[in-house]
Amino acid sequence: MAGAGEPPATSKKQAPLTNALNPDGTLRKGVNGAFDAHRFIMYTAPDGQPVFRPAGIARVAGAGDNNWQDGFHVPGANHIVNTVMRVGTDTYIGGQFTTVGSVNANSVARWDGTAWNSVGTGTANGVNGPVNALAMLGTTLYVGGYFNAAGGIAVSNVAKWDGTGWSSLGPAPARGVGGEVDALAVIGTTLYAGGIFLTAGGIPANYIAQWDGTTWSPLGNGTNYPVRALAAMGTTLVAGGYFTRAGTAAANYVAQWDGTAWTSLGVGTNGSVFALAVRGSELYVGGQFSTAGGSSANRLARWDGTGWAPLGSGLNSTVYALAISGNDVYAGGAFSQAGGLPAAYVARWNGSTWSALASGAAASVNAVVKGLAAAGSTLCVGGEFTAAGAVGAPYVAEWSGTQWNTMGSGNGTSISGAVLAVAVSGTTVYVGGGFNTAGQVLANNVAKWDGTTWSALGTGAANGVNATVLALAISGTTLYAGGEFTAAGGAAASRVARWDGAAWSPLGAGLNNSVYALALSGTTLYAGGAFTASGGTGLNHVAAWTGTAWAPMGTANPNGNGVVGDVYALATLGPTLYAGGSFYFYTSTAAIVRGLAQWNGTAWSALGAPAATALNGEVDALVVNGNVLYAGGSFTQAGGVAVNMVAKWDGSSWAGLGASPANTLPTTSAVRALAVSGSTVYAGGDFYSPTGLPASTNFLMKWNGTAWTGLGTGLNQGVRALAMGPGSQVTAGGHFSAVGDGSKIMSHLGIYHDPLLATLTSLVPGTAGPGAVLSLTGTNLTGTTAIAFSGTANNVVTSGFVVNAAGTQITGIVVPGGATSGTVTAVAPDGVTNALPFAALPLAAATAQEASEVCLLPNPAHGTVLVLGLPATGAALLTLLDALGRAVRIQQIRPSAIGAAAEMSLAGLSPGLYHLQVWAGGRQTGQALVVE
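Quick look at the structure, then.

Criteria and cut-off values
Residues numbered from 1 in each chain as written. Predicted model: local features only at pLDDT ≥ 70, side-chain atom pairs only at ≥ 80, totals over all residues. Heavy atoms only, no water. Helix = DSSP H or I, 4+ residues; strand = E, 2+ residues; numbered from the N terminus. Buried < 20%, exposed > 50% of the residue type's maximum accessible area, 1.4 Å probe, protein only. Contact = heavy atoms within 4.5 Å. Areas by Shrake-Rupley, 256 points an atom, 1.4 Å probe, with all protein chains shown as cover. Pairing = 2+ DSSP bridges. Axes fitted to C-alpha atoms, helices over the stretch in contact; angles between N-to-C directions. 1 Å grid on protein atoms, 1.4 Å probe; cavity = no way out; pocket = protein on both sides within 12 Å on 5 of 7 lines; lining within 4 Å. Points joined across faces, edges and corners; volume = space filled by probe spheres on them. Nonpolar A, V, L, I, M, F, W, Y, C, P; charged D, E, K, R; others polar.

With that settled, the discussion passes to the overall build of the protein chain. For the protein chain, the count of helices and strands is 1 helix and 98 strands. By the burial criterion, 51% of the 932 residues in the protein chain qualify as buried. Relative to all contacts within the protein chain whose residues are 6 or more apart in sequence, the contacts with residues 24 or more apart total 42%. When the accessible surface of the protein chain is summed, it comes to about 35700 Å², and 52% of that surface belongs to carbon and sulfur atoms.

Another aspect to go through is the sheet that holds strand β79 (residues 719-724). The 3 strands are arranged β79-β80-β81 in an open sheet whose pairing can be described as antiparallel. Sheet topology places β79 and β81 (749-753) at the edges, where each strand pairs with a single neighbour. Across the sheet, the axes of successive neighbouring strands diverge by a mean angle of 20°, strand direction being ignored. The sheet contact formed by β79 and strand β80 (residues 729-734) spans 5 bridges and is antiparallel. In the sheet register, Ala721 faces β80, and the bridge partner there is Gly733.

Considering the arrangement of structural elements, one finds Asn106 in the loop between β8 (103-104) and β9 (108-111). Among residues more than four places away in sequence, those in contact with Asn106 are Phe97, Thr98, Thr123, Ala124, Asn125, Gly126 and Val127.

Relative to strand β51 (residues 446-449), strand β48 (residues 428-433) runs antiparallel, the two sharing 4 bridges. Along β51, the bridge assignment pairs Tyr430 with Lys448. With 3 bridges connecting them, β51 and strand β52 (residues 454-456) associate as antiparallel partners. What sits directly across from Lys448, in β52, is Ser455. Counted between consecutive antiparallel strands, the loop separating β51 from β52 contains 4 residues, among which Gly451 sits at a positive phi close to 100°.

Another aspect to go through is the sheet that holds strand β74 (residues 654-656). The strands making up a sheet associate through backbone hydrogen bonding, with each pair oriented either parallel or antiparallel. With antiparallel pairing, 4 strands are arranged side by side in an open sheet as β69-β70-β73-β74. Only two strands of the sheet have a single partner each, and these edge strands are β69 (619-625) and β74. With direction set aside, neighbouring strand axes in the sheet form an average angle of 25°. In terms of strand pairing, strand β70 (residues 628-633) meets strand β73 (residues 646-649) through 4 bridges, oriented antiparallel.

On to the side chain of Asn67. On the secondary structure map, Asn67 appears in the loop between β4 (50-54) and β5 (81-87). With residues up to four places along the chain from it excluded, the contact list for Asn67 reads Ile751, Tyr752, His753 and Pro755.

What follows is about the layout of surface pockets. If you add up the space inside the second largest pocket, you get close to 1100 Å³. Contributing to the lining of the second largest pocket are 36 residues, with Thr83, Val84, Leu184, Leu230 and Leu276 lying nearest its centre. Going through the elements one at a time, β5, β11 (131-137), β17 (180-187), β23 (227-233), β29 (273-279), β35 (319-325) and β41 (369-375) are the ones with two or more residues in the lining of the second largest pocket. Sorting elements by how many residues they give to the lining of the second largest pocket places β17 first, with 6 residues. Residues belonging to the lining of the second largest pocket are distributed by class as follows: 27 nonpolar, 4 polar and 5 charged.

The subject of this paragraph is the pairing of strand β93 (residues 864-868). Because side chains alternate across β93, one face comprises the buried residues Val865 and Val867, and the other comprises Thr864, Leu866 and Leu868, none of which is buried. Looking at chain direction, strand β92 (residues 855-862) and β93 are connected through 4 bridges and run antiparallel. Its bridge partner being in β93, Cys855 is matched across the sheet by Leu868. A loop of 1 residue connects β92 with β93, the two strands running antiparallel in sequence, and Gly863 in this loop sits at a positive phi of about 90°. Looking at chain direction, β93 and strand β96 (residues 901-905) are connected through 5 bridges and run antiparallel. Within β96, the residue paired with Val867 across the bridge is Ala902.

Note that every value here comes from positions in space, so none of it alone points to a role or purpose.
So, in structure tokens, the structure goes:
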């Protein structure tokens, strides 16, 4: 049999597989013969054909993954770091993570001083479970924890990496030890392992064993309870843990093994030991105890070979990690004080006194420290924290001696929680969830991405909100947030709050339970969730904000206002509000309607007859486009029509989107988020493809009006939020940490630039009458077959216009006679585009008097602007365009007492340069306007 890593013997040498492959790993057309596929891994491409990639290099991006924006990885790990080890200029970490920086790294990774590296290659690098301990013997890395595979090789809780490949410590069936490994140490050529096991190599070994490179053996009778820490003092092994006996000797939580027998260290400690460190002949012991050698020693003590001594007054809570550099002893753990002084989670003992690493409220990390490694004045720290000092540093950080630094770069949000809500305004993306950092910025549960950098909403430690954000809604520069929080910007705000761009404010008394959904209609804000009251007002799961208080919605139901059960999704279409969730309500005829309802401002009703329109499952997502409502959830029928988790309502009937997103999707899956651009629908949720790699249907798909397709190779975990804009940008938030095939790391936030999505960005002019010539700009407009205006007849243009070679502009569009004020869309090969506002002014309304050059006072303006130079008689139409040519204000002007002047409101507009178009007397003119 060929050895590991060796090609199998053949009677005739085969040509290497590289001779048969295209550069993308697919088979060359017409190739035939036998090829040596050793050292290659076969995957299945989205179109079903095989793709071969070298096993010895990191996987390249899957087809389409280049459209996912780079940079949304964390500047650290995506979950807890349990142990840290320094070897030369390299730092190794082990824990419960799956990514570090921009690389896939399963539970173990190496920092080379500049970048993170996985230990092994491909998606099976590292190990498949938590790592608790690391050790280096020569050039071989040993890893201990709770796992059964390393690099895809079967192992048992301990494994080794020789720089090329992974292997087990011993043959099958044992392959290691019979339980969790919590500590490793090396003396000479022997590896020692301690933990929660009773066998090693298949033979009895009570909580501790040794590996000589070939076989496992016990250390006498071991200990009577688990071992949590190991350290070498010359040729003597020291063990700490939960035990009170080692071998045949009484040994309270700490003992030493001289190669033959166990002995105690005096009377030991009075509580568990979790950390050991050695300096010369001195042993430092940390844990949960309050005495050592019978004398006071709070969580940390020194053993000099004959007796115990405390380190000052010690720490006020558990010590989990120790490191020594020169005269300094560093301790990490769950404590908040060292020597009676503030020192959160990590502190330094200089031989006589305790101190924090730096002063101030942000001097330390923000949660428990579980691993330490020191080199000179540099200290590497790992644990459960997500921030270090004033920077976001998920789970691993470096103290330089003067300041905290991240280990790596990245724009992703902290993995302390998922992104559960997304809102887009222009080029600004707002995210909400359960995090406290965004990139390297401290941001509590809500943050803003401007296309380049992250920023918090508010300043200081109380920025953002104090608990999870589940919903966002935006109007102009005002952001509304809903969720589980009780404070915003440090002030009381019960489950819902408003950010005006400078400060947070509550919305009245707020709501008494979680807010899952928000929606805006004009100046009215709607909230849906699990709440039942605001102050003394009863509100059953849905309510409207009047500007001064939360108001109930409906009173006719037997249950009172609102609905019975939680509301998870809201959407508005004009004055109509749609609500989806797991609720029911009674109609005026006492019929029960479940899961989806509409509110007309006075009463709740079903979407059609209740029996004919019922959804047979929960509704988790709603979105409106044009006059169509799209619903997503866990249902399989809508109005008696078979659908699969997503359906559309056109105002009179339900329909599915094609046969289904994918007939192979598990029936327990659900669509949790929807976004729409034109006729293209994006659906995200918990669905995935159980076959093939890469799996393009993983957790996110799109419907182009004809078929469902994936976005690159999809994502590796669930999607909880989607939002469109600008242009062809689709923003996704959720639980994911990478694309579907693992080739690109994205930390809970991904921005996909859809290369096929036809998108309109501006229309010039935005107001015109029949016969006027317009131009559209956008992306992916090549192949456009029609331009559709609002109207019922003679409102579609199918000829006469020209699309430029780049597909970014359509010129020569003649306004048809049937066009009415409303919107303009383009019909492109991938579907109907998004809509832009258009104001039609019939020629019959024009007078012989032409518009003169207008004058704007003041200019720059704030709040309002006075428009002078309008016709003294007849109608005029004012359209204010932003810098992208989008209409942000449309105002009809009629003759008035003040003659040729009109006032336009600028409320809610962002500062910047605008252009005011005036259509009057059959002629268009305009002026630039600066809004302050």
